[in-house]
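Fold and contact review
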Amino acid sequence: MKRRIIGTIAKSFALVVVLSATLQAHTQDDKATLYERMAPIDQYLMADRNAEIAFARTAAPESISRDAEVWVLGRHGYEIAAKGKNGFVCIVERSWMAPFDDPEFLNPDQRLPLCLNPPAARTHLPLTFKTTELAMAGLSKTQMSDSIKAAFDKKELPVPEAGSMCYMMSKQQYFGRKYGNADSHLMFWFPKTDDMFWGAGLPGSPVYVHQYSPQPITEFIISVSKWSDGTPVPTD
Amino acid sequence: MKRKIVRTIALGIFALAVVLGAAWQAHAQDAKTPYPSIAPLDQYLMDRDAEIAMARSAAPEAISRDAEVLVLGRHGYETAVKGKNGFVCVVERGWMSPFDGDFTANFWNPKLRGPLCFNPQAARSILPMTYKRTEMVLAGQSKAQIFEGMKAYVKQGLPPLEPGAMSYMMSKEQYLSDNGQHNWMAHLMFYTPFIDSSAWGADVPLTPVMLNPQFHGHPEPIDVFMVPAGWWSDGTVDPVKPD
């Protein structure tokens, strides 16, 4: 009898181990493959065009974005939705503007509103449009990366013009599962340079850096204390 | 006799009015420009070690410990510490203020101390303006002469502005004004060619970007945009001022 009970416990334990292992494998599989492939295109689009225009404008204080040009994402790429007067361009970027090794590279939930100043509108937007075109054509990450690199090599894509910067101060921005709405910040673009150029990433420095690859671009990031609507960013 | 007395009284009142009026005008001018001309040089100088420490406090230690440090001597700025990372830290004086406008009041203020750490691009293309203005100050030139001198320097000797030129100004010990909080704000400064400030969205409601009145084409063809850092170089929080 005693042996039978132990046998039952042992079988139960084995079942738990098997179930646990299966669950773990499933979870890892989810993590590994969750955003590996392009989701149906509808998931990247915003159904309401006006909502996307309003969302794009939240990237900068209203005093800047109300006179900015606005682009929205359609089934065939970005299209102009509102003409501007001040040279700024506001746009909601999608996940494929993240680094190619980002595990959420094709997360259809990501929404990244930016308002670019005139030099950035001239030299960063072409990269956004090109990358979007490749993603929407269904290319793999490797194919996209190779194509972007070739475009820079052939000078079909420009490097950032001096003074290129953008506002990224939308409280509603969504960087994905890991970073949520991150924080309110400004970004400055340069032709590829080293981190030390602005003393970025060092203890106590308010400057952060992101080195693009294969794009020959360095991005410096400075957090600011308020969202575009003037409310404070939580400090924790 | 009566006429003579009246005349004497009238002249006396007139003279008194003139004297009082002149005194009042002088007082009003003093209040407007408390530092109308250069003070004795010693008032602008500092203890060398204190100046080195203050210069370094402009940036987090991770940057400033390997920076070159300059100090102001009787004949201009001199290198006090050699650097390794291309940054240059220096304590600027009042004469780096604008030549006109509200902020020119501190031009000759001997108490003003503006510690900065320039990145390599700014060290090559912005710092020369600090040297040039200081050289003319120490030569005893007036503000008007320095302005003319800078105009000539802009035409003949000013190095081209390098893209990415910026500086740290995060010292809690900065003294930028006699009024209110002397250490105005921990901030970063970015140098661009003299442009329309709207290109960076500066000084509009709720923007974190501010245009510094320094330079701005008067006469140096440079604009300086500022962004709050949020904390001082020692890591303590600098609550950003309300809009």
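Keep in mind that what you see is a predicted model, and the values were worked out from it rather than measured. (Residues numbered from 1 in each chain as written. Chains lettered and ligands numbered in written order. Predicted model: local features only at pLDDT ≥ 70, side-chain atom pairs only at ≥ 80, totals over all residues.)

Let's shift gears to helix H6 (residues 141–153) of chain A. For H6(A), spanning 13 residues, the distance from its first C-alpha to its last is 18 Å, which sits close to the expected 18 Å at 1.5 Å a residue. Positive backbone phi, approximately 60°, marks Lys155(A), located one or two places after H6(A). (Helix = DSSP H or I, 4+ residues; strand = E, 2+ residues; numbered from the N terminus. Expected span 1.5 Å × (residues − 1).)

The subject of this paragraph is the sheet that holds strand S1 (residues 69–74) of chain A. Residue and element names in this part refer to chain A. Spatial ordering of the open sheet is given by S2-S1-S3-S4-S5-S6-S8-S7, a layout of 8 strands whose pairing is mixed. The outermost strands of the open sheet, each flanked by one partner alone, are strand S2 (77–82) and strand S7 (207–211). Taken pair by pair, the neighbouring strands of this sheet meet at an average axis angle of 30°, ignoring direction. In terms of strand pairing, strand S3 (residues 89–93) meets strand S4 (residues 112–116) through 5 bridges, oriented antiparallel. Its bridge partner lying in S4, Val 89 is registered against Leu 116. Strands in contact with helix H5 (residues 125–136) are S2, S3 and S4; relative to S2, the strand with the most contacts, it is inclined by about 130°. (Pairing = 2+ DSSP bridges. Axes fitted to C-alpha atoms, helices over the stretch in contact; angles between N-to-C directions. Contact = placed C-beta atoms within 7 Å.)

Per-residue pLDDT for chain A has a mean of 87; in total, 86% of the residues score no lower than 70. With pLDDT under 50 throughout, residues 1–29 of chain A is counted as low confidence; its partners more than four residues away or in other chains account for 0 contacts. (pLDDT = per-residue confidence, 0-100.)

This brings us to the pairing of strand S1 (residues 68–73) of chain B. Residues and elements named next belong to chain B. Among the 6 residues in S1, 5 count as buried, and that is most of the element. In terms of strand pairing, S1 meets strand S3 (residues 88–92) through 2 bridges, oriented parallel. Within S3, the position partnered with Glu 68 by the bridge is Val 88. Here S1 folds back onto strand S2 (residues 76–81) in antiparallel fashion, the turn holding 2 residues. (Buried ≥ 20, exposed ≤ 12 C-beta atoms within 10 Å, placed from the backbone.)

For the rest of this paragraph, the subject is the interface of chain A and chain B. Contacts between chain A and chain B engage 30 residues on the former and 30 residues on the latter. Within the residue set of the side of chain A that touches chain B, elements represented by two or more residues are helix H3 (62–65), strand S5 (165–168), strand S6 (185–191) and strand S8 (217–223) of chain A.

What follows is about the sheet that holds S3(B). All names here are of chain B. The sheet built from 8 strands is open, its strands ordered S2-S1-S3-S4-S5-S6-S8-S7 with mixed pairing. Two strands bound the open sheet, and with one partner strand each, they are S2 and strand S7 (210–212). Strand-to-strand twist of the sheet, defined as the mean angle between neighbouring strand axes without regard to direction, takes the value 30°. In this sheet, strand S6 (residues 187–193) lies alongside strand S5 (residues 166–169) in antiparallel orientation, the contact comprising 4 bridges.

This paragraph deals with unusual backbone geometry. Negative phi is the rule for most residues except glycine; trans is the rule for most peptide bonds. The omega torsion of the bond from Ser213(A) to Pro214(A) falls at 10°, within 30 degrees of zero and hence cis. If you trace the backbone, Pro214(A) turns up in the loop between S7 and S8. Looking along the chain, the bond that leaves His218(B) and enters Pro219(B) is cis, with omega of -10°. If you check the backbone angles, Phe215(B) has positive phi at about 60° while not being a glycine. Its location among the elements puts Phe215(B) in the loop between S7 and strand S8 (222–228).

Helix packing for two helices is described by the angle between their axes and how far apart those axes are. Residue and element names in this part refer to chain B. Closest axis-to-axis distance for the helix H5 (residues 127–138)/helix H6 (residues 143–156) pair is 10 Å, and the angle between their directions is 140°. When you trace H5 past H6, the crossing you get is right-handed. On H6, the residues that touch Lys 132, Arg 133, Met 136 and Val 137 of H5 are Gln 145, Ile 146, Gly 149, Met 150 and Tyr 153. Taken together, the residues of the contact of H5 with H6 break down into 5 nonpolar, 2 polar and 2 charged. (Left-handed = near helix turned anticlockwise from the far one by under 90°. Nonpolar A, V, L, I, M, F, W, Y, C, P; charged D, E, K, R; others polar.)

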